[in-house]
Amino acid sequence: MPWDHPWQPLLVTAVLCAVVYFLAVWLVLLVALALAELGRRYLRGIEVLHERYHRVLEKIDEQPGSDFVSLVVDLLKRDGCVEAEALKPDGKHGLDVLALAPDGRQIAVACYRYTGESAVTQTQVSDFHRHIVQRYRQIPTTVMIATSGRLTENARAYAENRKVVAVERPAVARWVLGQPPIPSLKPRALSRAESRDRPLLPTGGGARIAWLAPPVALVTLIDRGIMFAVLVLAVGLTAAAAASALDADLNPDPPPPLWPWLPLWGEAAARLTLAATAAWVLLFQVT
């Protein structure tokens, strides 16, 4: 449209810039607060996990080597192996466990319960790998070294070149807490007749964030309008879902998943999103 005075387009531009600036500052502030809360929860979750790792490894260090072999057998069974068997000790080749993975591949494991400065050497890895390749030439086999200690640098390089799965001390702790070392192993999902004996979320942080979002959105609706209120709800829902996902992913004592194809963090985020959306819709319909 034509302007009656040359200062009119400048005034309109200034007003629009001011509106965009205040809206942007408000939105940035909300995002910053949400990110700060998520960061705090993430750091606290990492701290709790490290404490849990430390307790798990302390317990393993106090056990004899035969108990470490039994632990590996139990973990393989827990994570879906059809069969898992501890073999008689073989000091020459180191084969301790044979298992059948869910994908049909055989898993051969050498277990070394080492502490302190003790480490699995390249000779031990090469002897074990050579023995498995020769013995099970016709059977697809995943070769695994599981140790509560570590591998030497040469042993680690040899394992990487020969595609030997090296499960060293930190990975053993993660495995015990529900993170298998190979993709073919997955924590067993609950059957329809079973129920969880441990909570999915160690805290209710995600739910608290979700309940804080509607009052803020209502104030924003009155002060700024519908579009910015929707943005506030979107930011709040995203922050709440992310908080729930972090809580589930960093749960120091995670329960079994309901479905093998959905990780716990995905289940937590989906549950929170659906529940918060339904609650918000009912709340705004009532108001």
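Refer to the structure above for everything that follows.
Enquirer: A description of the sheet that holds strand S2 (residues 97-100) should follow, citing residues and the corresponding values.
Expert: Taking strand neighbours across the sheet as the criterion, the five strands line up as S1-S2-S3-S5-S7 in an open arrangement whose pairing is mixed. Only two strands of the sheet have a single neighbouring strand rather than two, namely strand S1 (83-86) and strand S7 (165-167). Adjacent strand axes in the sheet meet at a mean angle of 20 degrees when their direction is disregarded. Pairing of strand S3 (residues 106-112) with strand S5 (residues 141-147), which is carried by seven bridges, proceeds in the parallel orientation. Within S5, the residue paired with Ala108 across the bridge is Val143. Packing against the sheet, helix H3 (residues 122-135) makes contact with S3 and S5, and its axis sits at approximately 155 degrees to S5. Packed on one face of the sheet, helix H5 (residues 169-176) meets S5 and S7 and runs near 80 degrees to S7.

Enquirer: If you had to explain the environment of Val109 to someone new, which residues and values would you point to?
Expert: For Val109, the location among the structural elements is in strand S3. Apart from the residues within four sequence positions on either side, Val109 is in contact with Val72, Leu76, Gly94, Leu95, Asp96, Val97, Phe128, Met144 and Ala146.

Enquirer: Quick one: what's the story with the packing of H3 against helix H4 (residues 153-161), residue by residue and with numbers?
Expert: At a minimum axis separation of 8 Å, H3 and H4 run at an interaxial angle of 25 degrees. In terms of orientation, H3 and H4 fall into the roughly parallel class. On the side of H3, the interface is formed by Gln122, Val125, Ser126 and His129, while H4 contributes Asn154, Ala155, Tyr158 and Ala159. Per-class residue counts for the contact of H3 with H4 are four nonpolar, four polar and no charged.

Enquirer: Explain the packing of helix H2 (residues 65-78) against H5 residue by residue, including any values.
Expert: Their axes nearest at 11 Å, the elements H2 and H5 cross at an angle of 50 degrees. When the axes of H2 and H5 are compared, the pair comes out oblique. The crossing of H2 and H5 is left-handed. Residue-level contacts link Phe68, Leu71, Val72, Leu75, Leu76 and Arg78 of H2 to Val172, Trp175 and Val176 of H5. The residue inventory of the contact of H2 with H5, partitioned by class, reads eight nonpolar, no polar and one charged.

Enquirer: Go over the environment of Gln179, please, and point to the residues and values.
Expert: Here Gln179 lies in the loop between H5 and helix H6 (205-224). Gln179 has contacts with Tyr53 and Arg174, leaving out every residue within four places of it along the chain.

Enquirer: Can you break down the pairing of S3 residue by residue, with the values?
Expert: With seven of seven residues buried, S3 is to be regarded as a mostly interior element. Of the two faces of S3, both are covered, the one formed by Gln106, Ala108, Ala110 and Tyr112 as well as the one formed by Ile107, Val109 and Cys111. Direction of pairing for S2 relative to S3: antiparallel, over a ladder of four bridges. Of the residues in S3, the one forming a bridge with Ala99 is Ile107.

Enquirer: Hey, could you go over the pattern of salt bridges for me, with residue numbers and the actual values?
Expert: A complete count under the given rule lists six salt bridges for this structure. The partner of Arg169 in a salt bridge is Asp61, and the shortest N-O contact between them spans 2.6 Å. Highlighted residues: Arg169 in helix H5 and Asp61 in helix H1 (residues 7-62), separated in sequence by 108 residues. On the accessibility criterion, Arg169 (25% relative accessible area) is partly exposed. Classification of Asp61 by relative accessible area gives partly exposed; the value is 25%. A cluster of three or more residues bridged by salt bridges with shared partners is formed by Glu153, Arg156 and Glu168.

Enquirer: Any chance you could break down a nonpolar patch on the surface for me, citing the residues and the numbers?
Expert: On the surface, a nonpolar cluster with roughly 630 Å² of combined accessible area is contributed by Leu218, Leu221, Ile222, Ile226, Met227 and Val230. Only H6 and helix H7 (226-249) provide two or more residues apiece to the nonpolar patch.

Enquirer: Describe the nonpolar core, with residues and values.
Expert: Ranked by size, the top nonpolar core spans 31 residues in total, and within it Val72, Leu76, Ile107 and Val109 carry the most contacts. Ranked by residue count, the leading element in this core is H2, at six residues. If we ignore the near neighbours within four places in the chain, the residues touching Leu76 are Cys81, Ala84, Val97, Ala99, Ile107, Val109, Trp175 and Leu185. Listed in part, the 17 residues of the second largest apolar core include Tyr112, Val143, Ala155 and Val164.

Enquirer: Could you give an account of H3, with specific residues and numbers?
Expert: An α-helix turns once every 3.6 residues. As a result, residues three or four positions apart point the same way. Along its 14 residues, H3 runs 20 Å from first to last C-alpha, staying within 8% of the 20 Å computed at 1.5 Å per residue. Its buried side turned inward, H3 meets S3, strand S4 (119-120), S5, strand S6 (150-151) and H4.

Enquirer: Please provide a residue-by-residue account of the side chain of Thr141, values included.
Expert: With respect to the helices and strands, Thr141 occurs in strand S5. Under the relative-accessibility criterion, Thr141 is labelled buried at 15%. Within polar-contact distance, the side chain of Thr141 engages the side chain of Gln106 at 3.3 Å. Those residues in contact with Thr141, other than ones at most four positions away along the chain, are Arg105, Gln106, Ala108, Ile132 and Tyr136.

Calculation rules
Residues numbered from 1 in each chain as written. Predicted model: local features only at pLDDT ≥ 70, side-chain atom pairs only at ≥ 80, totals over all residues. Heavy atoms only, no water. Pairing = 2+ DSSP bridges. Helix = DSSP H or I, 4+ residues; strand = E, 2+ residues; numbered from the N terminus. Axes fitted to C-alpha atoms, helices over the stretch in contact; angles between N-to-C directions. Contact = heavy atoms within 4.5 Å. Parallel < 35°, antiparallel > 145°, perpendicular 65-115°, else oblique. Nonpolar A, V, L, I, M, F, W, Y, C, P; charged D, E, K, R; others polar. Left-handed = near helix turned anticlockwise from the far one by under 90°. Buried < 20%, exposed > 50% of the residue type's maximum accessible area, 1.4 Å probe, protein only. Salt bridge = Lys/Arg side-chain N within 4 Å of Asp/Glu carboxyl O. Patch = residues over 30% accessible without salt bridge, like charges linked within 9 Å, V, L, I, M, F, W, Y side chains within 5 Å. Areas by Shrake-Rupley, 256 points an atom, 1.4 Å probe, with all protein chains shown as cover. Core = buried A, V, L, I, M, F, W, Y, C linked by side-chain atoms within 4.5 Å. Expected span 1.5 Å × (residues − 1). Polar contact = N/O pair within 3.5 Å; in protein donor to acceptor, adjacent residues only side chain to side chain.

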